[in-house]
Amino acid sequence: MAANGCVFCAIVNGKAEAGIVYSDDDIVAFMDLQPVTPGHLLVIPRRHVVGLSDLDENLGTKIWKVAQRLATALRLSQLRCDGVNLFLADGEAAFQEIFHVHLPVFPRFPGNNFRIDADWRPRDRIELDQTAAAVRNGWNRLIDPSAHTLSS
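Computed from a predicted model, the values in this text were never measured in an experiment.

Draft legend 1. Fine view of the overall build of the chain. When helices and strands are tallied, the chain shows 3 helices and 5 strands. Each helix and strand of the chain, ordered N terminal to C terminal, gives the series α-β-β-β-α-β-β-α. With respect to the principal axes defined by its C-alpha atoms, the chain has extents near 50 × 40 × 25 Å. Of all 152 residues assigned to the chain, the portion counted as buried reaches 34%. Expressed as a percentage of contacts within the chain between residues at least 6 apart in sequence, the contacts between residues at least 24 apart total 48%. If you sum the accessible surface of the chain, you get close to 10,300 Å²; carbon and sulfur atoms cover 54% of it. For the chain, the distance from the average site of its 15 positive side-chain charges to the average site of its 18 negative ones is 5 Å.

Draft legend 2. View of the side chain of Asp-24. One can find Asp-24 in the loop between β1 (20–23) and β2 (27–31). A distance of 3.1 Å separates polar atoms of two side chains, one belonging to Asp-24 and the other to Lys-62.

Draft legend 3. Structural detail: unusual backbone geometry. With phi around 75°, Phe-95 is a residue other than glycine that occupies positive phi space. With respect to the helices and strands, Phe-95 occurs in the loop between β4 (83–86) and β5 (103–108).

Draft legend 4. Focus on the pattern of salt bridges. Following the criterion strictly, the structure yields 6 salt bridges and no others. Close ionic contact of Asp-24 with Lys-62 constitutes a salt bridge, the shortest N to O distance being 3.1 Å. Taken together, the residues span a long stretch of sequence, with Asp-24 in the loop between β1 and β2 and Lys-62 in helix α2 (residues 57–76) at a distance of 38 residues. Between Glu-127 and Arg-123 there is a salt bridge whose closest N-O contact spans 3.6 Å. Assessed through its relative accessible area of 33%, Glu-127 is described here as partly exposed.

Draft legend 5. Examining helix α3 (residues 125–143) more closely. Helix length check: α3 (19 residues) gives 27 Å between terminal C-alpha atoms against 27 Å at 1.5 Å per residue, within 8%. Considered for burial, the residues of α3 that qualify are Ala-133, Asn-137 and Asn-140. The buried residues of α3 all sit within an arc of 65° when viewed along its axis, so they share a single face. Exposed side of α3, more than 90 degrees from the buried face: Val-135, Trp-139 and Leu-142 are the residues found there.

Draft legend 6. Broad picture of the pairing of β2. By the criterion of burial, β2 is predominantly enclosed, with 4 of the 5 residues buried. Bridge count between β1 and β2: 3 bridges; the pairing is antiparallel. Paired with Ser-23 across the strands is Val-28, a residue of β2. Hairpin connection of β1 to β2: 3 residues between the antiparallel strands. For β2 and strand β3 (residues 41–45), the ladder comprises 5 bridges, and the chain directions are antiparallel. Bridge assignment links Phe-30 to a residue of β3, and that residue is Leu-42.

Draft legend 7. Geometry of the packing of aromatic side chains. Within this structure, the stated rule accounts for 3 aromatic pairs. Plain terms: the ring middles of Phe-8 and Phe-30 are 5.4 Å apart, the flat faces sit at 70° to each other, and that makes the pair edge-to-face. Separated by 22 residues along the polypeptide, Phe-8 in helix α1 (residues 7–12) and Phe-30 in strand β2 bring together distant segments of the chain. Residue Phe-8 is classed as buried on the basis of its relative accessible area of 3%. Each ring, one from Phe-106 and one from Phe-114, has its centre 5.0 Å from the other, and the planes form 70°; the classification is edge-to-face.

Cut-offs used in this document
- Each residue is numbered by its place in its chain's sequence as written, counting from 1.
- With pLDDT at 70 or above as the cut-off, local features in this predicted model cover only qualifying residues; side-chain atom pairs require 80 or more to be listed or tallied, and sums for whole chains, interfaces and linings still use all residues.
- Values shown for side chains rest on all heavy atoms present in the structure; no hydrogens or waters enter the calculation.
- Only runs of H or I of at least four residues qualify as helices and only runs of E of at least two qualify as strands under DSSP, and these elements are numbered from the N terminus.
- A simple rule labels every residue: compare its accessible area, found with a 1.4 Å probe on the protein chains alone, to the largest value its type can have, and call it buried under 20%, exposed over 50%, or partly exposed in between.
- Residue contacts are defined here by distance: any two heavy atoms, one from each residue, within 4.5 Å place the two residues in contact.
- Only the protein chains shown count as cover for residues, with accessible areas throughout obtained via the Shrake-Rupley method and a probe of 1.4 Å.
- Here Asp and Glu are counted as negative and Lys and Arg as positive; His is not counted, and neither are the chain ends.
- Where a charge sits is defined by one atom per residue type, namely NZ (Lys), CZ (Arg), CG (Asp) or CD (Glu).
- In protein, a polar contact requires one atom able to donate a hydrogen and another able to accept it; more generally it is a pair of N or O atoms within 3.5 Å, and residues adjacent in sequence count only if both atoms are side-chain atoms.
- Only one rule defines a salt bridge in this text: a Lys or Arg side-chain nitrogen within 4 Å of an Asp or Glu carboxyl oxygen.
- An expected span of 1.5 Å times one less than the residue number is assigned to each helix.
- Here the arc refers to the set of directions running from the helix axis out to each C-beta atom.
- For two strands to pair, DSSP has to find at least two bridges joining them.
- Between the rings of Phe, Tyr and Trp (Trp by its six-membered ring), a pair exists once the centres lie within 6.5 Å; its type follows the angle of the planes, with under 30 degrees stacked, over 60 edge-to-face, and the other angles tilted.

Have a look at this one:
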């Protein structure tokens, strides 16, 4: 483990083993030890970043770009890959288990057992509009922290 106890930092620093697939000055991608399907990769920043709110937008863009290219590489590999999921968990409530930003990239195919269960029922327009207003309010506060009102 790395000094801060982060297994991903240990991988980045060469102190823990990993099946590295891609590496550059900012990003490392490696095989997940507990794959959803064969070919399941994790794309991480070299620098320790806990969550999305801590992630520099340029680095986030680079993580996505590498993940997108790796998704194409999975489709071109001999691995079974009829589709690809990119599934980032941010925070404990979202099932983030290792608190170092990581973007999982994993092949999908008919019959694999990965599922997300949710209440998928359609929502009423008023509920959707109220939710949209709450998100706009959060956006406005992000742009201007003194903003406390909704703008449509």
